[in-house]
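Report on the structure
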Amino acid sequence: MKIKEIIVVEGKSDTNRLKDCLGDVDTIETIGSAINDETIQRIKLAQQKRGVIIFTDPDFNGNRLRTIIAQAVPNAKQAFLPRDKAVPKKSDGSLGIEHARDEDIKKALAAVYTTSDLVDDYSTDDMIDLGLIGDAHSQKRREFVGAELKLGYTNAKQFLNRLNMLQVNPQDLLAAVEKFDKGSSHDTK
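Rules behind the numbers
Starting afresh in each chain, residues are numbered from 1 along the sequence in its written order. The model is predicted, so local features are restricted to residues of pLDDT at least 70 and side-chain atom pairs to those at 80 or more, both for listing and for counting; the totals for chains, interfaces and linings are taken over all residues. Note that the side-chain values use all heavy atoms of the structure and ignore hydrogens as well as water. By definition, a salt bridge exists where a carboxyl oxygen of Asp or Glu is found within 4 Å of a side-chain nitrogen of Lys or Arg. Summary of the burial criterion: residues with accessible area below 20% of their type's maximum are buried, those above 50% are exposed, and those between are partly exposed, where the area comes from a 1.4 Å probe applied to protein chains only. Numbering of helices and strands starts at the N terminus; helices are DSSP runs of H or I of at least 4 residues and strands are runs of E of at least 2. Any two residues having at least one pair of non-hydrogen atoms within 4.5 Å are treated as being in contact. Buriedness for pockets is judged along seven lines, at least five of which must meet protein on both sides within 12 Å for an open set on the 1 Å grid over protein atoms alone, while cavities are sets there where a 1.4 Å probe fits but cannot get out, and lining residues have an atom within 4 Å of a point. Grid points are joined across faces, edges and corners, and a volume is the space filled by probe spheres set on the points. Asp, Glu, Lys and Arg are counted as charged, while Ala, Val, Leu, Ile, Met, Phe, Trp, Tyr, Cys and Pro are counted as nonpolar; the rest, among them Gly, fall into the polar class. Expected span of a helix: the number of residues minus one, times 1.5 Å. The arc in question is the one spanned by the directions pointing from the helix axis to the C-beta atoms. Here a polar contact is recorded for every N or O atom pair within 3.5 Å, except that within protein the pair must consist of a potential hydrogen donor and a potential acceptor, and residues adjacent in sequence are included only if both atoms are side-chain atoms.

Let's talk about the pattern of salt bridges
Within the structure shown, the criterion is met by nine salt bridges. Across the salt bridge formed by R101 and D104, the nearest N and O atoms sit 3.2 Å from each other. Take D104: its relative accessible area is 8%, and that puts it in the buried class. For E148, the salt bridge is made with K179, and the minimal N-O distance between the two is 3.1 Å. A residue pair is termed long-range when its members are at least 10 positions apart, and E148 in helix α6 (residues 138–148) and K179 in helix α8 (residues 170–182) qualify at 31 residues.

Quick look at the structure:
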C-alpha cells in the first residue's frame, strides 16, 4: 500500500508503527496533544504540497487534536481507527495507533474521508429520529454506526459534527442504523 499524502500522527511510536506496517511513509508528529502553531503551519504546507491524512488515536486527546487540525486544514483527509483495534497489550497502557495490527491500519487508511466546508446536513432532531441520541441504546447505536461508517469513536456532539464534516451519505447512515437495529451482535437489553 503506497500512500502519497503525509500522515499526521501524535508521536514517534505512531510513526514507527506506520513505517513497520507500510514501509515508505512520511508523517508529521504533533508530539501528543501539545500541538503548536509551527506544527499547524507544517501541516498546512504539507496539505498544499502533497495532501495530508489526519490519523490520530481514538481517544479524547486524539479527537481533540483531530478537531484542531481539521479546523486549521479543512480539506485534510481523515482516517479513523476503531477503539477496539487500538487497545494495548498491557492493561495499563492507553489506546493508540501503535497498538493496531497491520490489517487494521491498512483498512483505516483505505477508508479515508475528505472534509469540506459545506453547510451542515444533519441536525439534533435527525439524531433523535435515528435513535443516535436520546434513548437508552443511543450510545451502543452510535458506537456501532460509527464503526460501520469508519467514523471512529465519538460522543453524541462529536458524532453529529463528524457526520456533517465528512458529509456522510444519508443512505449509508440509515443503512448502518438499520443494520444495528436488525443485528444480533449487540445487546440492547
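Quick word on the environment of T114
Mapped onto the elements of the fold, T114 is located in strand β5 (residues 113–114). Among the residues examined, T114 registers a relative accessible area of 45% and is labelled partly exposed. For the pair formed by T114 and A100, sequence separation is 14 residues and the distance between their alpha carbons is 23 Å. Not counting residues up to four positions away in its chain, the partners in contact with T114 are N75, A76, K77, M165 and L166.

Digging into the layout of surface pockets
In this structure, the second largest pocket encloses a volume near 220 Å³. Along its surface, the second largest pocket is lined by F80, P82, D84, K85, D104, K107, A108, A147, E148 and K150. Mapped by element, the contributors of at least two residues to the lining of the second largest pocket are α4 (102–110) and α6. Here the lining of the second largest pocket is composed, by residue class, of four nonpolar, no polar and six charged.

Thoughts on empty space enclosed by the protein
Counted according to the given criterion, the structure contains one cavity of 30 Å³ or more. There is about 40 Å³ of room inside the largest cavity. Lining the largest cavity are T56, D57, P58, N63, R66, F80, L81, G152, Y153 and R162. Here the lining of the largest cavity is composed, by residue class, of four nonpolar, three polar and three charged.

Focus: helix α2 (residues 37–49)
For α2, built from 13 residues, the straight-helix expectation of 18 Å at 1.5 Å per residue is met to within 8% by its first-to-last C-alpha distance of 18 Å. Within α2 the residues assigned to the buried category are T39, I40, I43 and A46. An end-on view of α2 places all buried positions within 120° of arc, on one side of the element. Along α2, exposed side chains directed more than 90 degrees from the buried face belong to D37, E38, Q48 and K49. Packed against the buried residues of α2 are β1 (6–9), β2 (27–29), β3 (52–54) and α3 (60–72). The N-capping residue of α2, defined by a side-chain oxygen 3.2 Å from the backbone nitrogen of E38, is N36.

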